[in-house]
Amino acid sequence: MQVALDDYVWAAGVATDLVNTAPEVWHGEDKLSDLASLVAFADMHSLPVHARPGDLRAVHRLRVTVRDLVDHPDRARLITGATALTSSIGDVTLLTGSARWAVSVRPGATVADSLALACGVGILGVVQSLGVERFRACGAPTCRGAFIDTTRPGRRRYCMPGLCGNRVNVANHRARKLSKAGFFEAP
């Protein structure tokens, strides 16, 4: 597996998706509760799937580490933490037939190694290209998720826009509807 160093948008998306599988985001339900869910997650993100029983614990530890980095977006801390994620996993190479640099996962790497590499590249790329203000907590009042905003305008507000954003919009719609109903009633 290779991760191009300029493909930080994909890699930051992997990091965001990983941190948002945690039980605190899903009100107690862990979205990576077993090896099968880990394999499905890795497959969904086109990561090599060589999952072993110990990998689940390693990915849970990685998830905590990445979440801690996203929650405390200090430039030096992000660079140090993301560099640690990538330092022992692969070798930097020039992609064949291209002027793009990439990091290749060493043979025998685990799914946790591949995820660590992707998360590290995503964090480093966003810090360098977009800035630390792109690391945010979800704006939905009932969500404890976090995300790395790689959108062009940088105005993303929710960890999962299709879920959290929709919930907020529905709640706002219902509140307006109730407000209008109360406004037109005679005393």
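Everything below is about the structure shown above.
Below or above, wherever it landed, is the structure these notes cover. As the structure is a prediction and not an experimental result, all values here were calculated from the model.

Membership of the largest hydrophobic core comes to 40 residues, with the highest contact counts inside it found for Leu18, Val59, Val66, Leu115, Ile123, Phe135 and Ile148. When residues of this core are traced back to their parent elements, those giving at least two are α1 (8–19), α2 (35–44), α3 (55–71), α4 (75–87), β3 (101–105), α5 (111–129) and β5 (146–148). With 11 residues, α5 is the single largest residue contributor to this core. If we ignore the near neighbours within four places in the chain, the residues touching valine 66 are Ala15, Val19, Leu85, Cys119 and Ile123. With 9 residues, the next largest nonpolar core counts Cys138, Ala140, Tyr158 and Cys164 among its residues.

With that settled, the discussion passes to the packing of aromatic side chains. Summed over all chains, the structure comprises 0 aromatic pairs. In this structure, lysine 31 is placed above the aromatic ring of tryptophan 26, and the distance from its NZ or CZ to the ring centre is 4.4 Å.

Turning next to the packing of α3 against α5. Look at α3 against α5: their axes get within 9 Å of each other, and the N-to-C directions meet at 15°. Relative to α5, the element α3 lies roughly parallel. For α3 against α5, the interelement crossing comes out right-handed. Within the contact between the two elements, α3 uses Asp55, Ala58, Val59, Leu62, Val66 and Leu69 and α5 uses Val111, Ala112, Leu115, Ala116, Cys119 and Ile123.

Here we come to the environment of isoleucine 148. Structurally, isoleucine 148 is set in strand β5. Residue isoleucine 148 is classed as buried on the basis of its relative accessible area, which comes to 2%. Taking the C-alpha atoms as reference, isoleucine 148 lies 8.2 Å from cysteine 159; in sequence the two are 11 residues apart. Ignoring sequence-local partners within four residues, the contact set of isoleucine 148 consists of Ala12, Ala15, Thr16, Val70, Ile123, Val126, Arg134, Phe135 and Arg156.

Summarising the element assignment, phenylalanine 147 is placed in strand β5. The exposure class assigned to phenylalanine 147 is buried, which follows from its relative accessible area of 1%. On a C-alpha basis, the gap between phenylalanine 147 and proline 48 in space is 23 Å, while along the polypeptide they are 99 residues apart. The contact partners of phenylalanine 147, leaving out residues within four places of it in the chain, are Thr16, Val70, Arg134, Phe135, Arg136, Ala137, Cys138, Arg156, Arg157, Tyr158 and Cys159.

Let's shift gears to α3. Taking 1.5 Å of rise per residue, the 17 residues of α3 would be expected to cover 24 Å, and the 24 Å separating its terminal C-alpha atoms lies within 8% of that figure. Buried residues belonging to α3 abut α1, α2, α4, α5, β4 (135–137) and β5.

Taken as a whole, α2 has its buried residues at Ser37, Leu38, Phe41 and Ala42. Seen along its axis, α2 keeps its buried residues to an arc of 135°; they face one direction. Among the exposed residues of α2, those pointing more than 90 degrees away from its buried face are Ala36, Asp43 and Met44. Against the buried residues of α2 lie α1, α3 and α5. Serine 46 occupies a position one or two residues after α2 and carries a positive phi of about 55°.

For the structure shown, the criterion picks out 6 salt bridges. Where arginine 67 meets aspartate 71, a salt bridge forms, and the shortest distance between an N and an O atom there is 2.9 Å. Of this pair, arginine 67 and aspartate 71 both sit in helix α3, 4 residues apart, which is roughly one turn of that helix. Taking relative accessible area as the criterion, aspartate 71 reaches 34% and is therefore assigned partly exposed. Taking the shortest distance from any N to any O, the salt bridge between aspartate 68 and arginine 77 comes out at 2.3 Å.

Rules behind the numbers
Residues numbered from 1 in each chain as written. Predicted model: local features only at pLDDT ≥ 70, side-chain atom pairs only at ≥ 80, totals over all residues. Heavy atoms only, no water. Core = buried A, V, L, I, M, F, W, Y, C linked by side-chain atoms within 4.5 Å. Buried < 20%, exposed > 50% of the residue type's maximum accessible area, 1.4 Å probe, protein only. Helix = DSSP H or I, 4+ residues; strand = E, 2+ residues; numbered from the N terminus. Contact = heavy atoms within 4.5 Å. Phe/Tyr/Trp six-rings, centres within 6.5 Å; stacked < 30°, edge-to-face > 60°. Lys NZ or Arg CZ within 6 Å of the ring centre and 35° of its normal. Axes fitted to C-alpha atoms, helices over the stretch in contact; angles between N-to-C directions. Parallel < 35°, antiparallel > 145°, perpendicular 65-115°, else oblique. Left-handed = near helix turned anticlockwise from the far one by under 90°. Expected span 1.5 Å × (residues − 1). Arc of directions from axis to C-beta. Salt bridge = Lys/Arg side-chain N within 4 Å of Asp/Glu carboxyl O.

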